[in-house]
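Working through the structure, step by step
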Amino acid sequence: MHFYLDTADRAQAEPLLRSGLFAGLTTNPSILAGAGVLNRSIPELVEWASAAGAGTVFVQSWGSNQAELEDRGAWIQSLGSNVVVKVPATAAGIAASRTLTSGGARVLVTAVYAREQALPAMAAGAEFLAPYLGRMNDAGRDGTAEIAAIQQFISAGGSPLKLLVASLRETAQIASLAGLGVSHFTLAPATWRKFFADPLTAAAVEVFEAESARMEGAA
């Protein structure tokens, strides 16, 4: 199981990365904007995330055409061997992905909303694919079914492509997808905390603590 943190908030990310429970950090332009991280500060983000324990840092290229995506993607690639370049699942993004992977870059194709979008990403040599589960469901699509179909494509064809599922809001969604063979998930710190919010677990721990205190005070 590989968990990634979907945030650029340093105060939230660093303690969680240091726990050793997360394989890396994922970002996109919206996440960077929300954390007040300017494009020129991306190298600093990669530096602190890596120092905190992020084995992989995902940074999204930007631009209105293939050439811009490639140029900025090459700059992102230069920031470190642990950096993965994200490109959108558009015609320009897929073409840029092919150029970048041919040059040795690690690439993730993002903003995936339908199973058929996985096929060009495979042809482009992408290492990761990021389907947006919650946003698919918001749009009236069956996000779990789409992701299950993509996982079947990967398994049937023996593709090395890895699904990195994003837009996760509930831990039950992660558990369901794990049962289908998906093993890479990126989630916000708030979603991570939901793994530990079961009231029955909390009640059991209270009993354990009370018994431990009683036994310490026993003669």
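All values derive from a computational prediction rather than experimental measurement.

1. Re the sheet that holds strand β8 (residues 184-187)
Pairing is parallel in the closed barrel, where eight strands are placed in the order β1-β2-β3-β4-β5-β6-β7-β8. Each strand of the sheet is rotated relative to its neighbour by a mean of 30°, with strand direction disregarded. Across four bridges, the pairing between strand β3 (residues 56-60) and strand β4 (residues 83-88) is parallel. Note on β4: the bridge partner recorded for valine 59 is valine 85. Set on the sheet, helix α3 (residues 42-52) makes contact with β2 (24-26), β3 and β4; between it and β3 the angle comes to about 160°. Packed onto the sheet, helix α8 (residues 143-157) meets β5 (107-112), β6 (128-131) and β7 (162-165) and runs at close to 160° relative to β7.

2. Notes on helix α5 (residues 91-102)
Taking 1.5 Å as the rise per residue, α5 with 12 residues should run 16 Å; its terminal C-alpha atoms sit 17 Å apart, in good agreement. Taken together, the buried positions of α5 are Gly93, Ile94, Ala96, Ser97, Leu100 and Thr101. Buried residues of α5, viewed axially, fall in a sector of 160°; they line one side. Exposed residues lying more than 90 degrees from the buried face of α5 are Ala91 and Ser102. Glycine 104 lies just past α5 and shows a positive phi near 95°.

Conventions we followed
Residues numbered from 1 in each chain as written. Predicted model: local features only at pLDDT ≥ 70, side-chain atom pairs only at ≥ 80, totals over all residues. Heavy atoms only, no water. Pairing = 2+ DSSP bridges. Helix = DSSP H or I, 4+ residues; strand = E, 2+ residues; numbered from the N terminus. Axes fitted to C-alpha atoms, helices over the stretch in contact; angles between N-to-C directions. Contact = heavy atoms within 4.5 Å. Expected span 1.5 Å × (residues − 1). Buried < 20%, exposed > 50% of the residue type's maximum accessible area, 1.4 Å probe, protein only. Arc of directions from axis to C-beta.

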